[in-house]
Amino acid sequence: MVFYFKARPEAGDYTIFMGLDKFENEELIKYGFPEDIWFHVDKMSSAHVYVRLHKGQTIDDMSEGNKVNNVDVVYTPWHNLKKTASMDVGQVGFYNSKMVRTVRVEKRINEIVNRLNRTKVERKPDLKAEREAVNAAERAERKQHLRDKTTAVFGSRIGWGKMIRKKRREEMERLEKERQAEVRSYKNLMVAEKMTSNKEIASANKSLQELEEDFM
């Protein structure tokens, strides 16, 4: 069983949730989202509470609140939670202690607790399926980004190739026009030293590399 709560409207449309017991906490640890921020009362047996941020937000977008008296509440992004085989059920450590923050709660504000309890909803979610759905969506997004990038690269190359071919075609047409004009010219008729051989025409055609250099 997972308990879900809603943040106050002015704070934003955020979901707050926690497990029923340490076994449920274990599932939350295993199938958390990248946007999840984990909370726990330091050095005390307490629930693992999560706040799910919006995509693109970070822990710096969190605002601080309080629920109980005279305690330190530690919080860190879900991906910083470290779980080893030697740990008890529901127990966690941290990969990077510098990513763990602490807020001192000096006084319990019943108004906050009561408001949260009024939004409380009990559900039995398939945490694994939810996590797999998120993974699938992220993979699809990465593939689409790669396809867009590949299309842009090949589109650029295709455009470049078209320009080179056009440049070469224009050069060939220009040479052919010059040759036709020379053939039609009576003054060059039967004058051997001014006749153009096929070999000379071929040698006059520029290579693809030369055309690229001209284009640049």
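Definitions and limits used
Note that residues are indexed from 1 along each chain, following the sequence as it is written. Residues qualify for local features only when their pLDDT is at least 70, as the model is predicted, and side-chain atom pairs are given and counted only at 80 or more; totals for whole chains, interfaces and linings, by contrast, use all residues. Only hydrogens and water are removed before side-chain values are computed, so all heavy atoms of the structure are retained for them. Each reported salt bridge corresponds to a side-chain nitrogen of Lys or Arg within 4 Å of a carboxyl oxygen of Asp or Glu. Only runs of H or I of at least four residues qualify as helices and only runs of E of at least two qualify as strands under DSSP, and these elements are numbered from the N terminus. To sort residues, take the accessible area from a 1.4 Å probe on protein chains only and compare it with the maximum for the residue type: under 20% means buried, over 50% means exposed, and anything in between is partly exposed. Working rule for contacts: check all heavy atoms of both residues, and any pair within 4.5 Å makes them a contact. In summary, the pairing rule links any two rings of Phe, Tyr or Trp, Trp by its six-membered ring, whose centres are within 6.5 Å, and it sorts them by plane angle into stacked for under 30 degrees, edge-to-face for over 60 and tilted for everything else. Any Lys NZ or Arg CZ that is within 6 Å of a ring centre and within 35 degrees of that ring's normal is treated as a charge sitting over the ring. DSSP calls a pair of strands paired once it identifies at least 2 bridges connecting them. Convention adopted: a line fitted to C-alpha atoms gives each axis, helices being fitted over their contacting stretch, and angles between N-to-C directions are expressed from 0 to 180 degrees.

Quick look at the pattern of salt bridges
In a structure, side chains of opposite charge can pair up when their charged atoms sit close to one another.
Here is step 1 of the chain: Evaluation of the coordinates by the stated rule reveals seven salt bridges.
Here is step 2 of the chain: Salt-bridge contacts for Arg 174 lead to Glu 171; the nearest nitrogen and oxygen are separated by 2.8 Å. Placement of both Arg 174 and Glu 171 in helix H3 (residues 127–184) is noted, with a separation of three residues, approximately one turn of the helix.
Here is step 3 of the chain: Taking the relative accessible area as the measure of exposure, Arg 174 reaches 36% and is therefore partly exposed.

Quick look at the environment of Ile 29
Here is step 1 of the chain: Among the secondary structure elements, Ile 29 is positioned in helix H1 (residues 22–30).
Here is step 2 of the chain: It is 8.3 Å that separates the C-alpha atoms of Ile 29 and Lys 83, two residues lying 54 residues apart in sequence.
Here is step 3 of the chain: Among residues more than four places away in sequence, those in contact with Ile 29 are His 48, Tyr 50, Trp 78, Gly 90 and Val 92.

Section: the packing of aromatic side chains
Here is step 1 of the chain: Inspection of every chain in the model, using the stated rule, returns four aromatic pairs.
Here is step 2 of the chain: Consider the rings of Phe 17 and Tyr 50, whose centres lie 5.3 Å apart with planes at 10°: the pair is stacked. Note that Phe 17 is positioned in strand E2 (residues 15–19) and Tyr 50 in strand E4 (residues 49–52), a separation of 33 residues in sequence.
Here is step 3 of the chain: Where Phe 39 meets Tyr 75, the ring centres are 5.0 Å apart and the plane angle is 15°; that geometry is what we call stacked. One end of the pair, Phe 39, is in strand E3 (residues 36–41); the other, Tyr 75, is in strand E5 (residues 71–77), with 36 residues separating them in the sequence.
Here is step 4 of the chain: Over the ring of Phe 33 we find Arg 52; its NZ or CZ atom is 3.7 Å from the centre of that ring.
Here is step 5 of the chain: In this structure, Arg 123 packs its charged tip against the face of Tyr 4, placed 4.3 Å from the ring centre.

Some words on the sheet that holds E2
Here is step 1 of the chain: Taken in spatial order, the seven strands make up an open sheet running E8-E5-E3-E4-E2-E1-E9, and their pairing is antiparallel. The open sheet has two free edges, formed respectively by strand E8 (101–105) and strand E9 (121–123), since each of these has just one partner strand. Direction aside, the axes of adjacent strands within the sheet are offset by 25° on average.
Here is step 2 of the chain: Contacts from H1 reach strand E1 (2–6), E2 and E4 within the one sheet, and its direction differs from that of E2 by about 130°.

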